[in-house]
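Chain by chain, the residues:
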Amino acid sequence: MRATFDSKKTPIEDMLNEVENGKIQLPDFQRGWVWDDHHIQDLIASVSLSFPIGAVMTLENGGKDVRFKPRPIEGTDESVEQIEPETLILDGQQRLTSLFQSLMAGNPVETRDSKGKAIQRWYYLDIKKCVANDNDREDAVISIPEDRRLTKAFGREVVLDLSSPENEYAEDMFPLHQVFDSKKWRRGYNRYWNQDSDKADLWDNFEEQVIDNFDQYHVPVIALDKKTPKEAVCIVFEKVNTGGVTLTVFELLTASFAADDFSLRDDWEARQERLSQKHQILDNIESTSFLQALTLISTKAKGNAVSCKRREILRLTVDDYKKWACPIEKGFIQAAQFLYEQKIFSTKELPYRTQIVPLAAIFTHLGDDARKSGIRKKIARWYWCGALGEMYSGATETRFANDLSEVAEWVCGGTEEPRTIQDANFQENRLLTLRTRNSAAYKGVYALLMRDGCQDFRSGVPIEAATFFDENIDIHHIFPAAWCKSHDIDSGRIDSIINKTAISSRTNRIIGPKAPSKYLIDLEEKAEIPAASMTSILASHCISVQALRSDNFDQFFTHRTEKLIQRIEKAMDKQVARETEMNV
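Residues numbered from 1 in each chain as written. Predicted model: local features only at pLDDT ≥ 70, side-chain atom pairs only at ≥ 80, totals over all residues. Heavy atoms only, no water.

Peer 1: How would you summarise the overall build of the protein chain if you had to cite specific residues and measurements?
Peer 2: Tallying secondary structure elements over the protein chain gives 29 helices and 14 strands in all. Taken over C-alpha atoms, the radius of gyration comes to 34 Å for the protein chain, far larger than the 25 Å a tight globule of 584 residues would show. The principal-axis extents of the C-alpha atoms in the protein chain amount to approximately 110 × 60 × 45 Å. Looking at the protein chain as a whole, 52% of its 584 residues qualify as buried. Within the protein chain, counting contacts between residues at least 6 apart in sequence, those at least 24 apart form 73% of the total. (Helix = DSSP H or I, 4+ residues; strand = E, 2+ residues; numbered from the N terminus. Rg over C-alpha atoms; globule rule 2.2 N^0.38 Å. Buried < 20%, exposed > 50% of the residue type's maximum accessible area, 1.4 Å probe, protein only. Contact = heavy atoms within 4.5 Å.)

Peer 1: Just give me the short version of helix α3 (residues 93-103), but keep the residues and values in it.
Peer 2: Taking burial as the measure, the 11 residues of α3 include 11 buried ones, the bulk of the element. Of the residues making up α3, those classed as buried are Gln93, Gln94, Arg95, Leu96, Thr97, Ser98, Leu99, Phe100, Gln101, Ser102 and Leu103.

Peer 1: Would you mind going over the environment of Ile489 in detail, with residue names and values included?
Peer 2: Within the secondary structure, Ile489 is located in the loop between α22 (481-486) and α23 (491-495). In this structure, the C-alpha to C-alpha distance between Ile489 and Phe250, residues 239 residues apart in sequence, is 51 Å. Once residues within four sequence positions are removed from consideration, Ile489 is found in contact with Cys484, Ile494 and Phe553.

Peer 1: Describe the pattern of salt bridges, listing the residues and the values that go with them.
Peer 2: By the definition in use, this model includes 29 salt bridges. As a salt-bridge pair, Glu157 and Lys152 come within 3.8 Å of each other at their nearest N and O atoms. Judged by its relative accessible area of 40%, Glu157 is partly exposed. Of the residues examined, Lys152 reaches a relative accessible area of 45% and is grouped as partly exposed. A salt bridge links Lys348 to Asp474; the nearest nitrogen and oxygen atoms lie 4.0 Å apart. A residue pair is termed long-range when its members are at least 10 positions apart, and Lys348 in the loop between α14 (318-341) and α15 (356-366) and Asp474 in strand β13 (residues 473-477) qualify at 126 residues. Through salt bridges with shared partners, a single network forms among Asp267, Arg271, Arg274 and Glu329. (Salt bridge = Lys/Arg side-chain N within 4 Å of Asp/Glu carboxyl O.)

Peer 1: An account of a positive patch on the surface is requested, with residue identities and associated values reported.
Peer 2: Together, Lys183, Lys184, Arg187 and Arg191 give the surface a local cluster of positive charge. Residue position: Lys183 is located in helix α7 (residues 183-192). A relative accessible area of 54% places Lys183 in the exposed class. (Patch = residues over 30% accessible without salt bridge, like charges linked within 9 Å, V, L, I, M, F, W, Y side chains within 5 Å. Areas by Shrake-Rupley, 256 points an atom, 1.4 Å probe, with all protein chains shown as cover. Lys, Arg positive; Asp, Glu negative; His and termini not counted. Charge placed at Lys NZ, Arg CZ, Asp CG, Glu CD.)

Peer 1: Could you give me a rundown of the packing of aromatic side chains, with the residues and numbers involved?
Peer 2: Tallied over the entire structure, the rule returns 29 aromatic pairs. Aromatic side chains Phe257 and Phe262 sit 6.1 Å apart centroid to centroid with 65° between the ring planes, which places their arrangement in the edge-to-face category. By relative accessible area, Phe257 is classed as buried at 1%. For Phe262, a relative accessible area of 15% corresponds to the buried category. Between Tyr383 and Trp384, the aromatic rings sit 5.6 Å apart at their centres with planes inclined by 85°, giving edge-to-face as the arrangement. Judged by its relative accessible area of 1%, Tyr383 falls in the buried class. Judged by its relative accessible area of 0%, Trp384 falls in the buried class. Three or more aromatic residues link up through ring pairs in this structure, and these residues are Tyr169, Phe174, Trp185, Tyr189, Tyr192, Trp193, Trp203 and Phe206. (Phe/Tyr/Trp six-rings, centres within 6.5 Å; stacked < 30°, edge-to-face > 60°.)

Peer 1: Got a sec to walk through the side chain of Asp225? Specific residues and values, please.
Peer 2: Structurally, Asp225 is set in the loop between β12 (218-224) and α9 (230-240). Notably, Asp225 is buried but unbridged: the nearest opposite-charge side chain belongs to Lys227, and the N-O separation is 5.8 Å.

Peer 1: Hey, could you go over the confidence of the model for the protein chain for me, with residue numbers and the actual values?
Peer 2: Taken as a whole, the protein chain shows an average pLDDT of 89; of its residues, 93% reach a score of 70 or greater. Within the protein chain, no element has a lower average pLDDT than helix α29 (residues 579-582), which sits at 52, and none a higher one than α15, at 97. (pLDDT = per-residue confidence, 0-100.)

Peer 1: Talk me through the pairing of strand β6 (residues 109-112); I want residue IDs and the actual numbers.
Peer 2: Alternating residues of β6 divide into Val109 and Thr111, all buried, and Glu110 and Arg112, none buried. As judged from the four bridges shared by β6 and strand β7 (residues 118-126), these two strands associate in the antiparallel manner. Along β7, the bridge assignment pairs Arg112 with Ala118. With antiparallel pairing between neighbouring strands as the criterion, β6 and β7 make up a hairpin whose turn holds five residues, including Gly116 at a positive phi of roughly 85°. (Pairing = 2+ DSSP bridges.)

Peer 1: Quick rundown of the layout of surface pockets? Include the residues and the values.
Peer 2: As a volume, the second largest pocket reaches approximately 240 Å³. As for the second largest pocket, its lining consists of 15 residues, of which Lys8, Glu18, Thr58, Thr87 and Val221 are closest to the centre. When contributions to the lining of the second largest pocket are tallied by element, the ones reaching two or more residues are β1 (5-11), α1 (12-20), β3 (56-60) and β12. Classifying every residue of the lining of the second largest pocket gives six nonpolar, three polar and six charged. (1 Å grid on protein atoms, 1.4 Å probe; cavity = no way out; pocket = protein on both sides within 12 Å on 5 of 7 lines; lining within 4 Å. Points joined across faces, edges and corners; volume = space filled by probe spheres on them. Nonpolar A, V, L, I, M, F, W, Y, C, P; charged D, E, K, R; others polar.)

Peer 1: Would you mind going over the nonpolar core in detail, with residue names and values included?
Peer 2: Within the largest apolar cluster, 125 residues are counted, with the highest numbers of intra-cluster contacts made by Tyr321, Phe332, Ile379, Phe426 and Leu431. Judged by nonpolar contacts, the second largest core, of 44 residues, contains Met15, Ile73, Tyr123 and Leu202. (Core = buried A, V, L, I, M, F, W, Y, C linked by side-chain atoms within 4.5 Å.)

Peer 1: Go over α7 with me, naming the residues and quoting the values.
Peer 2: Residues of α7 that are buried include every one of Trp185, Gly188, Tyr189 and Asn190, and no others. On the buried face of α7, the contacting elements are α4 (127-132), α6 (165-171), β11 (173-175) and α8 (197-215). Two residues or fewer after α7 comes Asn194, characterised by a positive phi angle close to 55°.

So this is what it looks like as structure tokens:
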């Protein structure tokens, strides 16, 4: 990857002329023009003083690797849209758009005030202020509403009226949109003042100190040639555009595909809507995740090194996308169905949102084979090792690629376990530190209990999707926090996942701050649950009924820790390091 470039200085008037005739345009991934009135005034003041305004970075259009759909700079004539540009702006959009609209377009500038309200403005230079004091040039740049009248008292009193050339002459206010063709305005100015020598001298000083600065102003331009690869363009854009919003790979690819008359954005939005309508857990699937999964499967199908790094996504062609978009969409649906089988019903409960990327790619690659019981059990083991072993908290792109290749081979008879399984481990004392949903393992243990059949406290019905949503199931304390605090239980033990389980909001209200021995009686009476049934329900949550009925927190805590460890070992099919073993 190498960016070839040239550095030069270009007259600002020449650049703005090329903007006007469409030779200079924007790549479509550039966001809209956003500069406000104050920024524009400051920019004009800087140019009028020949102060530097920073370099502009451009890309030569027409490269084989880099083809973007162009769009004209805002404020140019509609006919420019039909012109193929010679140059695309990577950095400098806000400055060039501001200068073009204020100095050359001949229309009021469409900008915003300090509160973000859309306004239209003409810009003038106060001739007397410009000549009197260079250091206060910002005060000499005057912003005038669309009707060219400044008013006060809610518009009832006109403070400055520049609605006619004669009024401009009378107020010594020069309209900036005539700065590159000032002779006509100067002649009218001199005629208005009857060739007054003082006014002529004022103009001469203004022309020398200000107009000439615009005429002679050169902008540094860093020009990338058309051989620059797409990935380099993306990186360069992000490096120089530090003041803007980070450019996503989806936006860059959208602009690239648009050059082949394919709307990636429209296609993705339609797929995103279908995915979210079918499965709630896919509500927040992002465009980048979809492209990562598609790139994984595309590179594998081509026999290349499996990857979903940015450079590989940027190498996708429209044909690649069209070939794999539907299979990958189906892969995400299969991934959602698999997650439901694991009793993960919403994005809030998903241990790692990122893990769904390789999961979707694996299902896409395996096709119908993924429905085989033996293969599905292996996929489940890989999934739980990733979630409970917290394997996706760091850099994930390399793991995604390894997962697709290694899991696909392993589930189909390979002898070597995927690295995600090999590297995963869980230690007993980790349970004590799992206290909030910020931890993937916290959500993983919670989902694992539901997967293994934990039952609703009142009905005894296993928690399935309908129960989960209808009963508003969430993670709540088993020994109520208030009771624990009154009995001097350590806060770390109170809030750990060991003292929490899946409980409906209605059941949690019955539990309240009561001692377990008391709320168990209330639950049994109100829900007409036999004592034996309650024992079975609690066992499905890895809870000792004896410990609860005797309000013995220590007994409960020790018992449940061991039971949870056993569940984790079964899911990962790996031994968990016990605290006694770690102290040896």
